[in-house]
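# Structure at a glance
This is what each chain is made of:
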Amino acid sequence: MAKSLSGPDLFFNTYETSERTRDSLLLFDQLFLDWSGRLNLVARSTLPDRWQRHYLDSAQLLPLIPSAAKVVMDFGSGAGFPGLFLAILSADDPARQSHDFFLVESIAKKCAFLREVISVLGLQNVTVLNQRIETISEPEKADIITARALADLDTLCEYGHRFMHKTSICLFQKGERAQEEIKVAQRKWSFDVTCHNSLTHKAAAILEIRNLKRV
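Residues numbered from 1 in each chain as written. Predicted model: local features only at pLDDT ≥ 70, side-chain atom pairs only at ≥ 80, totals over all residues. Heavy atoms only, no water.

### Looking at the layout of surface pockets
In this structure, the largest pocket encloses a volume near 470 Å³. The wall of the largest pocket is formed by 27 residues, among which H54, D57, R148, A149 and L150 lie closest to the centre. Each residue belonging to the lining of the largest pocket can be placed in one class, and the counts come to ten nonpolar, eleven polar and six charged. Roughly 230 Å³ of volume is contained in the second largest pocket. Forming the boundary of the second largest pocket are R20, T21, S24, I88, A91, D92, Q97, L121, G122, L123, Q124 and N125. When contributions to the lining of the second largest pocket are tallied by element, the ones reaching two or more residues are α2 (19-36) and α4 (83-91). Split into classes, the residues belonging to the lining of the second largest pocket amount to four nonpolar, six polar and two charged. (1 Å grid on protein atoms, 1.4 Å probe; cavity = no way out; pocket = protein on both sides within 12 Å on 5 of 7 lines; lining within 4 Å. Points joined across faces, edges and corners; volume = space filled by probe spheres on them. Nonpolar A, V, L, I, M, F, W, Y, C, P; charged D, E, K, R; others polar. Helix = DSSP H or I, 4+ residues; strand = E, 2+ residues; numbered from the N terminus.)

### A closer look at the sheet that holds strand β3 (residues 126-129)
Reading across the sheet, the seven strands line up as β3-β2-β1-β4-β5-β7-β6 and stay open at both edges, with mixed pairing between neighbours. Two strands bound the open sheet, and with one partner strand each, they are β3 and β6 (189-197). The mean angle between the axes of side-by-side strands here comes to 20°, regardless of whether they run parallel or antiparallel. Pairing of strand β1 (residues 71-75) with strand β4 (residues 142-148) involves four bridges; the strand directions are parallel. (Pairing = 2+ DSSP bridges. Axes fitted to C-alpha atoms, helices over the stretch in contact; angles between N-to-C directions.)

### Observations concerning the side chain of T21
If you trace the backbone, T21 turns up in helix α2. Judged by relative accessible area, which is 5%, T21 ranks as buried. Setting aside anything within four residues of it in sequence, one finds T21 in contact with I88, L89 and D92. (Buried < 20%, exposed > 50% of the residue type's maximum accessible area, 1.4 Å probe, protein only. Contact = heavy atoms within 4.5 Å.)

### Side note on the environment of F12
Structurally, F12 can be placed in helix α1 (residues 7-14). By relative accessible area, which is 13% here, F12 ends up buried. On a C-alpha basis, the gap between F12 and L56 in space is 9.3 Å, while along the polypeptide they are 44 residues apart.

### Section: the environment of P8
You can see P8 is positioned in helix α1. Sequence-wise, P8 and L26 are 18 residues apart; in three dimensions their C-alpha atoms are separated by 8.4 Å.

### Describing the packing of aromatic side chains
For the coordinates displayed, the defined rule picks out 20 aromatic pairs. Ring centres 4.7 Å apart and planes at 75° place the aromatic pair W51 and Y55 in the edge-to-face group. In this pair, W51 and Y55 both sit in helix α3 (residues 50-59), four residues apart, roughly one turn of the helix. Comparing W51 with Y55, the two get one shared label, buried. Between R38 and the ring centre of W35, over which it is positioned, the NZ or CZ distance is 4.7 Å. (Phe/Tyr/Trp six-rings, centres within 6.5 Å; stacked < 30°, edge-to-face > 60°. Lys NZ or Arg CZ within 6 Å of the ring centre and 35° of its normal.)

### Here's the deal with the pattern of salt bridges
Under the criterion given, the structure shown has eleven salt bridges. D34 serves as the salt-bridge partner of R38, at 3.1 Å between the closest nitrogen and oxygen. When its relative accessible area of 52% is taken as the criterion, R38 is described as exposed. With its nearest N and O atoms 2.8 Å apart, the salt bridge here joins R148 to D57. Here the residue R148 occupies a position in strand β4, and D57 occupies one in helix α3, the gap between them amounting to 91 residues. With respect to class, R148 is no different from D57; both count as buried. (Salt bridge = Lys/Arg side-chain N within 4 Å of Asp/Glu carboxyl O.)

And the structure:
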C-alpha cells in the first residue's frame, strides 16, 4: 500500500512551484517554526499539520486572484496567512509580480514576524500595516481583499467596503457556518457570492464576494 503524502511532500505535490519559490517556502517554514516557539503565532496544536492546515490552505486562494490585480489587501494577517504566503508564491511568477500586498495586523509582535520574513526573503512588494482595520483613515483601494479566520461575514463586509472599488473581489475563508453567515450578512449588505470548496477542509469554503453594497 502506497504511503500517503504529508508535510512539504504533500504541498509540493499539490502545488507546483519553481525551485526558487520552493527554497523561499522552506526558509519561511524555518522562520515560522522559530518564531512560533517564542510567540503564539498560531495554535501550537496545528504546527505538526502546518503544511496543509496553514500553507496549502493559503495557497489555494492564488488561482482565484486575477493576474492583472494590482493591490491585494489582507485583513488580520497574523502569522502571514493567507496574505504573506500568497506574496511568497507570487514573487517568482512573472505573471504576478505586479501584485502589491498590504498586510493589516494590529498585534505588534506578529508584525515584527511579518517584517522579518519580508526582510529575509527580500520581498519587494509587501507592506505591513500595524493598525486595526477600522482605524485606517485613508484606505487603499484594493483589487483583492483576503481574510482568514478573522471575523463573521457581516463584520468583514463592514471592514471591506471602504477599501473596494467597482470591480474589487473579496476572498474570505470560512468554516462550516458559511451559509448561515451569508444569510445574516444579506440583512445589511447586497453582494454577489460564489462559494468555492476548500481543498483542505471538507466543511470549509472560500467565499468570493463581488459588487458589495450596503442595503
